[in-house]
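Coordinate inspection notes
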Amino acid sequence: MAPQEALLDPTGMSAGADDGTLAARPVSLRGLRVGLLDNTKPNATMLLEEIAAILQRDHAAGEATLYTKDYFGTPLSEPLRERIAAENDIVITAVGDCGSCSAATVADGIMFERAGVPTVSITSDSFFMSGRAMASVQGFPGFEFTAVAHPMASLTETEVRERAAAVMPEVLRILGVEEG
Amino acid sequence: MTMTLLTDEVPTVDADRVRELVEYYYENDWTDGLPVVPVTETLLEEFLAATDRAPDDVLFTISHLNRSMTVRLAAINAAMAGCRADYFPTVIAAWEAIAKEPHPARGIWQSTTGTAPMLVVNGPVRERIGLNGRGNVFGSGFRANATIGRAIRLGCINVFGLHPHKLDQATQGTPAKFSACIAENEEQSPWEPLHVEHGFAPGDDVVTAFVIRSVVHIEARHTQEPEQLARDLIDTIARTGALIHEYTSALLVLTPEHAQVFAQAGWSKDDLRTYVFENARRTRAELAAVGKDALSHKTRWRLPSTHPDSMPDTASASDEPDAVASLHNPSSVQIMVAGADNAGVSAVVEIFTLNPPREIPFSQSRIGGER
């Protein structure tokens, strides 16, 4: 009988040993600077600004700054990432409502976590699995993010505010905020 | 007449073991839905011996996925796809051509858009490895075509994690996501082949990579008039359903019979390209009827001029605002010959490009290294 040989792994994943550790959580948001990363998809700006307003009103968060990506389908550029990480204490990224942009939104969040900045990435629920797969490919399967109900692009201002309110408990949970 | 029993010549197997191996790959999600060939170091070594490239050489990186296609991983997936080792240099060139394309590295194969790679092979390698460029060119039945295209898809799934319903969010996708690899029928083309047209020698073996959305057949057995035939092709190139951004791009895969209609009328490839470029237009009213008469500010996707995010397209500010060009450059149309010389059936391959389109909507790589 011929010698037995092992079947080969075609993914190369076993070779990866990436950092999958979440940044330290802040406990309280009081006075913390909030970075908002708009990926240019319709209604992303409004959703982010509404979430920031709630964080400031109900949790005494500090100044919020809006940043805009060049292209929704890939993660943000390194210079912008470094700038946002330097200028903020927490980051919210939104909104992943398509195949490439949801994965990129999650990849952005992972990069901020690896840079030590607690981050909440927001996709739409149709693309939650896409974000999950991105976290896995990135070697960070435990990365936590959240989803708003699909669709986002066609919503009115009132509906966007409802989406923001609905996602707040998850935003606070992911940030590790313990105060009410 | 006597019958000879071939019992002794029929291979025997451990049937349970074979089934177990096939199922092992399914259990690990390492397939495209079809069974794959089990790969061990011995088989891998045959593939690696077919190239001068080092196993750790990187052929293609998708940086935002933090993942790279090495020669070794390309070989494992090519062997799993059913390639022979002598196909492997073509697979390597295919990955290198894909790596030169801008959209794959930017995440297009995660996209709802649902595009797929399509490979065109030119040069003597077609004969050496049995690549079909004659009949049933987009169909099944040819090992080299089927498995070289599949090697790319299995690599996308396994190395880049592009599993459908997960990282691959294609709304519908295309049958080309199983395999799309054709050879040019250079021998029955009246023109120089695709690779020679773009600066390679006739004896070079070259892979051309396109990012495609669909393949649409053009049924036209009725005419010897080049203008009629060209307009039949244009009708498909300029269809409104193909329009995402301001302009579109296409590869014409002409059957030898259709190529001859143009060649016998004295048309070069450039003559055909220019005619298509000048005539591939839709009226403003036709675009308005489907809600694609303007562009989005941020994404520049087509949408209705009544949409709050709309801005006028380029044609709106031109001398002919009501005749909207479907193509940005004559070179947005590429031309090759493939298929049997038995009927007037060609294809328009719809190419995905962003706005503004690149002048040449594909990338090429020579098999066995740079020219």
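That block above? That's the structure.
Structure report, in brief. (Residues numbered from 1 in each chain as written. Chains lettered and ligands numbered in written order. Predicted model: local features only at pLDDT ≥ 70, side-chain atom pairs only at ≥ 80, totals over all residues. Heavy atoms only, no water.)

1. Some details on the overall build of chain B
The test is simple: A helix here means a DSSP run of H or I that spans at least four residues, while a strand means a run of E at least two residues long, and both kinds are numbered starting from the N terminus. It is over C-alpha atoms that the radius of gyration is taken, and the globule rule equals 2.2 Å times the number of residues to the power 0.38. The classification of residues rests on relative accessible area computed with a 1.4 Å probe and restricted to protein chains. Under 20% of the type maximum is buried, over 50% is exposed, and intermediate values are partly exposed. Contacts were defined at the residue level, with two residues in contact if any of their heavy atoms lie within 4.5 Å. Working convention for charge: Lys and Arg count positive, Asp and Glu count negative, and His plus the chain ends are omitted. Lys charges are placed at NZ, Arg charges at CZ, Asp charges at CG and Glu charges at CD.
A count of helical and extended segments in chain B gives 12 helices and 14 strands. Here the C-alpha atoms of chain B give a radius of gyration of 22 Å, agreeing with the 21 Å that 2.2 N^0.38 yields for 371 residues. Seen along its three principal axes, the alpha-carbon backbone of chain B occupies a region of about 75 × 55 × 45 Å. Within chain B, the fraction of its 371 residues that count as buried is 54%. Residue pairs at least 24 apart in sequence account for 79% of intrachain contacts in chain B once pairs closer than 6 positions are excluded. Within chain B, one finds 32 positive and 48 negative side-chain charges whose respective centroids are separated by 5 Å.

2. Digging into the interface of chain B and chain A
Worth spelling out the cut-off: By buried area we mean how much accessible surface two parts lose on assembly, using a 1.4 Å probe and totalling the loss over both. Salt bridges, as used here, are contacts in which a Lys or Arg side-chain nitrogen is within 4 Å of a carboxyl oxygen on Asp or Glu. The term polar contact refers here to a pair of N or O atoms within 3.5 Å; inside protein, the definition further demands a hydrogen-donor-capable atom paired with an acceptor-capable atom, and it admits residues adjacent in sequence only when both atoms are side-chain atoms.
Tallying the contact residues gives 36 residues for chain B and 32 residues for chain A. Between chain B and chain A, a total of about 2700 Å² is buried, with carbon and sulfur atoms accounting for 62% of that surface. Ranking the residues of chain B by area buried against chain A places His64(B), Arg67(B) and Arg106(B) at the top, with a combined share of 21%. The interface formed by chain B and chain A holds zero salt bridges in total. Along the contact surface separating chain B from chain A lie seven residue pairs in polar contact (both at pLDDT 80 or more). Elements with a contribution of two residues or more to the side of chain B that touches chain A: α1 (15-27), α2 (41-49) and α3 (71-81) of chain B.

3. What to know about the sheet that holds strand β10 (residues 310-311) of chain B
Residue and element names in this part refer to chain B. Applicable threshold: Here, strands pair whenever DSSP counts at least two bridges between them.
As summarised here, the arrangement of the three strands in space is β9-β8-β10, forming an open sheet in which the pairing is antiparallel. Two strands close off the open sheet at either side, each with one partner strand: β9 (302-303) and β10. Bridge count for strand β8 (residues 294-296) against β10 is two bridges, and the pairing is antiparallel. Counted as the bridge partner of Leu295 is Met311 from β10.

4. Describing the sheet that holds strand β1 (residues 34-38) of chain A
Residues and elements named next belong to chain A. Here is the rule: Every axis in this analysis is a line fitted to C-alpha atoms, fitted for helices over the stretch in contact. Angles between the N-to-C directions lie between 0 and 180 degrees.
With respect to topology, five strands assemble into an open sheet ordered β2-β1-β3-β4-β5, the strand pairing being parallel. This sheet does not close on itself; its edge strands, each paired only once, are β2 (64-68) and β5 (146-148). Along the sheet, successive strands turn relative to each other by an average axial angle of 25 degrees, direction set aside. As paired strands, β1 and β2 are joined by five bridges and run parallel to one another. Each bridged residue has a counterpart across the sheet, and for Gly35 the counterpart in β2 is Thr65.

5. Thoughts on the packing of helix α4 (residues 88-100) of chain B against helix α7 (residues 143-158) of chain B
Residue and element names in this part refer to chain B. Test applied: What sets the label is the angle itself: under 35 degrees gives roughly parallel, over 145 gives roughly antiparallel, 65 to 115 gives roughly perpendicular, and the rest give oblique. For any pair of crossing helices, the crossing counts as left-handed if the nearer helix is rotated counterclockwise from the farther one by less than a right angle, and right-handed if it is rotated clockwise.
Axis separation between α4 and α7 bottoms out at 10 Å; the angle between their running directions is 55 degrees. Overall, the two elements α4 and α7 adopt an arrangement that is oblique. Judged by the sense of rotation from one axis to the other, the crossing of α4 with α7 is right-handed. Contacts between α4 and α7 involve Thr90, Val91, Ala94, Trp95 and Ile98 on the former and, on the latter, Ile148, Ala151, Ile152, Gly155 and Cys156.

6. Describing the state of the cysteines
Put simply, the test is: The term disulfide is used for any two cysteine sulfur atoms that are within 2.5 Å.
By the definition in use, this model includes one disulfide over all chains. The partner cysteine of Cys98(A) in its disulfide is Cys101(A), sulfur to sulfur 2.4 Å. Using a relative accessible area of 8% as the deciding quantity, one classes Cys98(A) as buried. Judged by its relative accessible area of 0%, Cys101(A) falls in the buried class. Residue Cys156(B) stays outside any disulfide, its sulfur separated by 14 Å from that of Cys83(B), the closest cysteine.

7. Thoughts on the packing of α2(B) against α3(B)
Two packed helices can be described by the angle between their axes and the distance between those axes. Residue and element names in this part refer to chain B. Test applied: Residue polarity follows a fixed list, in which Ala, Val, Leu, Ile, Met, Phe, Trp, Tyr, Cys and Pro are nonpolar, Asp, Glu, Lys and Arg are charged, and the others, Gly among them, are polar.
At their nearest, the axes of α2 and α3 sit 9 Å apart, and the two run at 115 degrees to each other. Between α2 and α3, the interaxial angle falls into the category roughly perpendicular. The chirality of how α2 crosses α3 is right-handed. Of the residues in α3, those touching α2 at Glu41, Leu43, Leu44, Phe47 and Leu48 are Val71, Arg72, Ala75, Ile76, Ala78 and Ala79. Counted by class, the contact of α2 with α3 contains nine nonpolar, no polar and two charged residues.

8. Quick notes on the nonpolar core
Note the threshold: As used in this record, nonpolar core signifies buried Ala, Val, Leu, Ile, Met, Phe, Trp, Tyr and Cys residues forming a set joined through side-chain atoms within 4.5 Å.
Of all hydrophobic cores here, the largest spans 69 residues; its most connected members are Met69(B), Phe88(B), Val91(B), Trp95(B), Leu119(B) and Ile148(B). The greatest single-element share of this core, amounting to nine residues, is contributed by α3(B). Counting 30 residues, the second-largest nonpolar core is a separate cluster that includes Ile92(A), Ile122(A), Val171(A) and Val177(A).

9. Description of the packing of aromatic side chains
Residue and element names in this part refer to chain A. Put simply, the rule reads: Centre distance within 6.5 Å is the pairing criterion for rings of Phe, Tyr and Trp, where only the six-membered ring of Trp is used; planes under 30 degrees apart are then read as stacked, over 60 as edge-to-face, and the remainder as tilted. Geometrically, a charge over a ring is one whose NZ (Lys) or CZ (Arg) sits within 6 Å of the ring centre while staying within 35 degrees of the ring normal.
Overall, the coordinates contain 14 aromatic pairs over all chains when judged by the stated rule. Their ring planes at 75 degrees and their centres at 5.7 Å tell us that Phe140 and Phe143 sit as a pair that is edge-to-face. Taking the relative accessible area as the measure of exposure, Phe140 reaches 1% and is therefore buried. Every member of this aromatic cluster is reached through a ring pair, and the members are Phe128, Phe140, Phe143 and Phe145. Of note, Lys41 hangs over the ring of Phe72, and the distance from its end group to the ring centre comes to 4.6 Å.

10. Considering the pairing of strand β2 (residues 67-70) of chain B
All names here are of chain B. Bridging between strand β1 (residues 58-62) and β2 involves four bridges; their strand directions are antiparallel. If you follow Phe60 over to β2, its bridge partner there is Met69. Following β1, the chain reverses through four residues before pairing antiparallel with β2; Asn66 in that reversal takes a positive phi of roughly 65 degrees.

11. Quick word on the pairing of strand β12 (residues 333-337) of chain B
On a regular strand, one side chain projects to one face of the sheet and the next to the other, so that they alternate. Burial within β12(B) is extensive, with five of its five residues counted as buried. Side chains of β12(B) alternate between two faces, with Val333(B), Ile335(B) and Val337(B) and Gln334(B) and Met336(B) buried alike.

12. Re α7(B)
The condition that has to hold: Each residue after the first adds 1.5 Å to the expected span of a helix.
For α7(B), built from 16 residues, the straight-helix expectation of 22 Å at 1.5 Å per residue is met to within 8% by its first-to-last C-alpha distance of 21 Å. Counting buried positions along α7(B) yields 14 of 16 residues, so the element is predominantly enclosed.

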